[in-house]
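Spelled out from the first residue to the last, the chains are:
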Amino acid sequence: MELIINLLINGLATGMLIFLLAAGLTLIFGLMDVLNFAHGGLFAWGAFSGVWFYGLTNSFTIAIIGAILTGAVLGFITEKIIIKPVYGNHIQQILITLGFMIVLSEMLKVVFGPNQIAAKTPPLLSGSWEIGDVIIIKYRLFIIVVGFLVFGVFQFILKRTKIGLIVRAGVMNKEMVQALGINIKQVFLYVFMVGAALAALGGALMAPYSGVVYAEMGMEFAILAFIVVVIGGMGSFPGSLLAAILVGLAGSFMAYYVPALSLAVNMMLMAIVLIFRPQGLFTAKG
Amino acid sequence: MMSILLKVENVQTHIGQYHILQGVSFEAKEGQVSVLLGRNGAGKTTTLKTIMGLTPATSGTIHFQDKEITKQATHHIASSGIGYVPEDQGIFGALTVEENLKVAMRKEDDAALARQEYVLELFPDLKKYWKKDGGHLSGGQKQMLSMARAFINDSKLLLIDEPSKGLAPVVIEKVMEAIVEMKKQTTIILVEQNFIMASRIGDTYTLIDDGETVRSGQMSELVQNEELKRQYLGIG
Amino acid sequence: MKNKFQVNNAILLVLVAALAVFPFVSDSRTWTILLTQIFIFSILAMSYDLLLGYTGIVSFGHAMFFGMGAYATAIMLNRLEPTLSVFFLSIAVGMVIAGVISFLIGLLTLRLKSHFFAMLTLAVSGLFLVLAEKWRTLTHGNDGFTFRAPEFFKDRMMFYLLVLACLVLVYFFLRRFVHSPLGRVLIAVRENEQRTKSLGFQTLHYKVIASVVAGVVASLAGSLYAISLRFVNTSVLTMDITLDALLMTIIGGVGTLIGPIIGAGVIELAQHYLSGLAKEHPIFERWIIFFGIIYILAVIFFPKGILGTIQYAFWKQKNKIPKVDVAAPSRKELTK
Ligand SMILES: Nc1ncnc2c1ncn2[C@@H]1O[C@H](COP(=O)(O)OP(=O)(O)O)[C@@H](O)[C@H]1O
Ligand SMILES: [Mg+2]
């Protein structure tokens, strides 16, 4: 029983980190029809800058805020320089965002050095609670709480605010949104920045969880996020949460019971969904 | 003296490598309903899209309220006071009726709310299905929602593309009544294949064929010109 | 036109002849090895160009075919005996496996839209990487294994000549292929798939054929690569290999076949010199960053690459065409 609970918590925590990455990816895709292969690079930058800010200030709160700001700034640069020239051309988008991914990861090595860096868990969140036989690691619970919190806040924004309505309308019909007098390019930029900031937040939270940060973590997690976005349905925010939890749980249970297949299972899941239901299990277009 | 609200002069439009509009010219006078007529595929929808900047003109000029809008971005054109009701209505299917209107409302001031009251009186169905998803409305209700959405921003000009398409006769009647009602407050450019309806509510007509304007004039004149109707509209 | 073709062929022939005698006049081992490497990656990059440049498909999984060839050759030479006949058999085996797998994957996935296809190929090649890492009895995972190459290749020169011959053969084969009626359909698919479909072509079939040919050629490159190192590990299946092919193709010039060869030369040489420089200036350890940036600039400003841009400049000068493209035909003209 305690094993199951532990695996559940592990899976949920990983799922939440993937969700933070996938949330931006899915919104950017749904709204702008851009698949950002550089998204994992933003995640890795969040992780490194979080560790850096934490080392500098010794405050985890500042580290998180710093990582989010780093993500937003990088998102701004990415949209303006990399994405904007190639709106509407899928092949160029794929090529250029992948190229930017290389640059982002290599820049990490230039700025922070080529080796992996250890990441500390803040004292307040270290350790665990024991409830009977069940040991709950505080930091994992913290990640889960943050994940649900982010989901709640964004769900509120998307459902209840004007800008949220505009984003949802844009996912369904961009032309019409413009014809109603809304500058969709501006909205694209905001959404891109927010997506990048979420990815960076995911990275910053990931760092103490895995204990180390390294440049390749971006691509590793990005592949999981792609899987999630495909399974959840491109453009569907709740879909990406459910799919992320699914992928996280599948990963954690498989890693325990059939370790050889843990990554393979998720990829096969994606392949099956893509082949038989390419619009994803959930769909945002109404 | 009625002033000219919109003036389209010798507009050409390319979509990709296709030369779709090859010289469209006409004008819409304030307070009137100007009807664009022509066969399927003549370029009526493209004309409206070009006015909105969705398929920008490659040459020619478009003036609205004496300002040139030819090269402006779509959202600027819309904000300067042109409302668009596309052929497929462009309803946001997963948003409710209320949300569809809210997205459109650029300023939520008293005047806008008053206009909202007005359109809801015009289309009582919308009030009835206030919380229903746009995607679940009937064809006629979608049409009404789309018109309400275009009207809600104090639009000086409405572009309405084939509002009667695919609707039952009773519903068409309602939609046409609403257009007549809206005409009291705004200018309208209407694309309408149903010639009986078009001739009933139109003040002027412009005939488009193969991407070019063939002729414009008073609707009353076209009604009597059997030759023109046969040649370009296949009726009579 | 015919004349120009002959001139081009003559130039090529001279170049090939020069390269063929090179190891006999120069005794630089480094250069022989470096050129061998360039030829191998040229073959890989050309196979990638068939997809990207001629058919307009972006695959992130090309490394899996390269890896299949590398493993087929390494495992067979290791398990059977290091002879030439086993070597040639292993090339054939690698090609057949790559052909079958690319056929199956293509059939299932090439109907997807471009980004889904890119993602799926990323995932599938990831699966093969995981498979190679876990199936240690066969592959020794990430540690890899060394093996003995056939006696014949003891002389580096022989191998050099073999690889050069492969490069020339593959080049002429692919050139024939892209200039065949089938190749013209592929180009039509790249320009406008929808339109090609509406002209009555089963575009999926053509795309599958292109991906099978590309996969088979990539497998050949992998086989040669394994021999050149006499060692194989899972790195032959990683994204890095695909990225190399992508960079070489884009920087050299998509849709030209010669471009990828130039790209392979530029990148391999730069890698060689820059990693030498890195010993003095550590910043050059990150040499790939320069290529990342050049690549991005190329995608935005020179989507034709080095060769394509030069060709275009020449062509423009000769034809003195105005800067704007000729106006598209009107609808009336088209329907006439
Ligand atoms: N996106 C497009 N690409 C290519 N051709 C188009 C496109 N949109 C419209 N057309 C063509 O332009 C012509 C005019 O279309 P449209 O303006 O929709 O005509 P109408 O509204 O008068 O029926 C048609 O022949 C149509 O096929
Ligand atoms: Mg139309």
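The structure displayed is predicted, hence computed values, not measured ones.

Each value, and the rule that gives it
Residues numbered from 1 in each chain as written. Chains lettered and ligands numbered in written order. Predicted model: local features only at pLDDT ≥ 70, side-chain atom pairs only at ≥ 80, totals over all residues. Heavy atoms only, no water. Helix = DSSP H or I, 4+ residues; strand = E, 2+ residues; numbered from the N terminus. Rg over C-alpha atoms; globule rule 2.2 N^0.38 Å. Buried < 20%, exposed > 50% of the residue type's maximum accessible area, 1.4 Å probe, protein only. Contact = heavy atoms within 4.5 Å. Lys, Arg positive; Asp, Glu negative; His and termini not counted. Charge placed at Lys NZ, Arg CZ, Asp CG, Glu CD. Donors = N, O, S within 2.8 Å, 3.2 Å for Na, K, Ca; no water. Near = heavy atom within 4 Å. Polar contact = N/O pair within 3.5 Å; in protein donor to acceptor, adjacent residues only side chain to side chain. Areas by Shrake-Rupley, 256 points an atom, 1.4 Å probe, with all protein chains shown as cover. Nonpolar A, V, L, I, M, F, W, Y, C, P; charged D, E, K, R; others polar. 1 Å grid on protein atoms, 1.4 Å probe; cavity = no way out; pocket = protein on both sides within 12 Å on 5 of 7 lines; lining within 4 Å. Points joined across faces, edges and corners; volume = space filled by probe spheres on them. Axes fitted to C-alpha atoms, helices over the stretch in contact; angles between N-to-C directions. Parallel < 35°, antiparallel > 145°, perpendicular 65-115°, else oblique. Left-handed = near helix turned anticlockwise from the far one by under 90°. Pairing = 2+ DSSP bridges. Salt bridge = Lys/Arg side-chain N within 4 Å of Asp/Glu carboxyl O. Core = buried A, V, L, I, M, F, W, Y, C linked by side-chain atoms within 4.5 Å. pLDDT = per-residue confidence, 0-100.

**Section: the overall build of chain C**
On a plain count of helices and strands, chain C comes out with 15 helices and two strands. A compact globule built from 336 residues should have a C-alpha radius of gyration of about 20 Å, and chain C, at 21 Å, falls within 12% of that. Along the three orthogonal principal directions, the C-alpha set of chain C runs to about 70 × 45 × 40 Å.

**Overview of the overall build of chain B**
Broken down by element type, chain B carries 10 helices and 10 strands. The C-alpha radius of gyration of chain B comes to 17 Å, within 12% of the 18 Å expected for a compact globule of 236 residues. The principal-axis extents of the C-alpha atoms in chain B amount to approximately 45 × 40 × 40 Å. Taking all 236 residues of chain B together, 53% fall into the buried category. When contacts within chain B are restricted to residue pairs at least 6 apart in sequence, long-range pairs at least 24 apart make up 68% of them. Within chain B, the 30 negative side-chain charges are centred at a point lying 2 Å from the centre of the 26 positive side-chain charges.

**Some points on the coordination of the magnesium ion (ligand 2)**
Residues and elements named next belong to chain B. Coordination of the magnesium ion (ligand 2) by the protein comes from Thr-45 (OG1) and Glu-87 (OE), over a distance range of 2.0 to 2.7 Å. Residue Thr-45 is found in helix 1 (residues 44-52), and its partner Glu-87 is found in the loop between strand 6 (82-85) and helix 3 (97-104); the two are separated by 42 residues along the sequence. Note on Glu-87: relative accessible area 25%, which makes it partly exposed.

**Examining the site of ligand 1**
Around ligand 1, 12 residues are found, and the nearest of them are Gly41(B), Gly43(B), Lys44(B), Thr45(B) and Thr46(B). Surrounding ligand 1 is a set of residues that belongs to chains B and C. The contact in question runs from an oxygen atom of ligand 1 to an N or O atom on the side chain of Lys44(B), over 2.8 Å. Relative to its unbound accessible area of 560 Å², ligand 1 is 64% covered by the protein chains. Only strand 2 (18-29) and helix 1 of chain B provide two or more residues apiece to the shell around ligand 1. The element contributing the most residues to the shell around ligand 1 is helix 1 of chain B, with three residues. When the residues that make up the shell around ligand 1 are grouped by side-chain class, the tally is four nonpolar, five polar and three charged.

**Here we look at the layout of surface pockets**
Residues and elements named next belong to chain A. Its boundaries defined by the atoms lining it, the second largest pocket holds a volume of some 1700 Å³. Contributing to the lining of the second largest pocket are 49 residues, with Tyr-214, Glu-216, Met-219, Glu-220 and Ile-223 lying nearest its centre. Looking at the lining of the second largest pocket residue by residue, the class counts come to 26 nonpolar, 13 polar and 10 charged.

**Concerning the packing of helix 2 (residues 39-57) of chain A against helix 4 (residues 90-112) of chain A**
Residues and elements named next belong to chain A. Relative orientation of the contacting elements helix 2 and helix 4 amounts to 15°, with a least axis distance of 8 Å. Relative to helix 4, helix 2 is oriented roughly parallel. For the pair helix 2 and helix 4, the crossing hand works out as left-handed. Residues Gly-40, Gly-41, Leu-42, Ala-44, Trp-45, Phe-48, Ser-49 and Trp-52 of helix 2 pack against Met-101, Leu-104, Met-107, Leu-108, Val-111 and Phe-112 of helix 4. Residue composition of the contact of helix 2 with helix 4, by class: 11 nonpolar, three polar and no charged.

**Structural notes on the sheet that holds strand 4 (residues 59-64) of chain B**
The strands making up a sheet associate through hydrogen bonds between their backbones, and the pairing can be parallel or antiparallel. All names here are of chain B. Here we have four strands laid out as an open sheet, ordered 2-1-4-5, and antiparallel in their pairing. In this open sheet, the two edge strands, each paired with only one partner strand, are strand 2 and strand 5 (67-68). Taken together, the two bridges between strand 4 and strand 5 define a ladder with antiparallel strand orientation. In the sheet register, Phe-64 faces strand 5, and the bridge partner there is Lys-67. Running at roughly 75° to strand 2, helix 1 makes contact with strand 1 (4-15), strand 2 and strand 4 of the sheet.

**Describing the pattern of salt bridges**
Considering all chains together, one arrives at 14 salt bridges over all chains under this definition. Between Lys131(B) and Glu98(B) there is a salt bridge, with the nearest N and O atoms lying 2.7 Å from each other. Here the residue Lys131(B) occupies a position in the loop between helix 5 (124-128) and helix 6 (139-151), and Glu98(B) occupies one in helix 3, the gap between them amounting to 33 residues. The class for Lys131(B) is exposed, based on a relative accessible area of 61%. For Glu98(B), a relative accessible area of 26% puts it in the partly exposed group. Taken together, the shared-partner salt bridges connect Glu106(A), Lys109(A) and Glu216(A) into one network.

**Describing the nonpolar core**
In terms of nonpolar packing, the biggest core is built from 287 residues, with Phe37(A), Ile189(B), Phe60(C), Leu224(C) and Leu246(C) touching the most fellow members. In contact with Phe60(C), not counting residues within four places along its chain, are Phe37(A), Ile94(A), Leu98(A), Ala118(C), Thr121(C), Leu122(C), Ser125(C), Met239(C), Thr242(C) and Leu246(C).

**A few points about the pairing of strand 3 (residues 33-37) of chain B**
All names here are of chain B. For strand 3, a buried count of five out of five residues is recorded, marking the element as mostly surrounded by other parts of the structure. Burial along strand 3 is two-sided: Val-33, Val-35 and Leu-37 and Ser-34 and Leu-36, pointing in opposite directions, are all buried. Where strand 3 and strand 8 (residues 187-191) come together, four bridges link them in parallel fashion. Residue Val-35 lies in a different strand from strand 8, and its bridge partner there is Leu-190. Both strand 3 and strand 9 (residues 204-209) contribute to a ladder of four bridges, which runs parallel. The partner of Leu-36 across the bridge, within strand 9, is Thr-206.

**Digging into empty space enclosed by the protein**
Residues and elements named next belong to chain C. For the coordinates displayed, the defined rule picks out two cavities of 30 Å³ or more. Its boundaries defined by the atoms lining it, the largest cavity holds a volume of some 110 Å³. Mapped by element, the contributors of at least two residues to the lining of the largest cavity are helix 3 (63-79), helix 4 (84-109) and helix 5 (114-134). The greatest single-element share of the lining of the largest cavity, amounting to three residues, is contributed by helix 4. Quantified by volume, the second largest cavity comes out at close to 40 Å³.

**With respect to the packing of helix 1 (residues 2-32) of chain A against helix 10 (residues 237-257) of chain A**
Residue and element names in this part refer to chain A. At a minimum axis separation of 6 Å, helix 1 and helix 10 run at an interaxial angle of 140°. Looking at the two axes, helix 1 sits oblique to helix 10. Crossing hand, helix 1 versus helix 10: right-handed.

**Quick look at the side chain of Gln37(C)**
Along the chain, the position of Gln37(C) falls in helix 2 (residues 29-55). Excluding anything up to four places from it in sequence, Gln37(C) contacts Tyr225(C), Ser228(C) and Glu268(C).

**Considerations on unusual backbone geometry**
Residue Asp210(B) is not a glycine yet carries a positive backbone phi of 50°. Positionally, Asp210(B) belongs in the loop between strand 9 and strand 10 (212-218). By relative accessible area, Asp210(B) is classed as partly exposed at 32%. One non-glycine residue, Arg230(C), lies in positive phi territory at about 55°.

**Focus: the confidence of the model for chain C**
Residues and elements named next belong to chain C. When pLDDT is averaged along chain C, the result is 82; 91% of the residues meet or exceed 70. When pLDDT is averaged over each element of chain C, helix 3 comes out on top at 92 and helix 15 (residues 331-335) at the bottom at 35. pLDDT under 50 marks residues 320-336. Its contacts with residues more than four places away, or in other chains, come to 21 contacts. In the predicted assembly, ipTM is 0.91 and pTM is 0.83.

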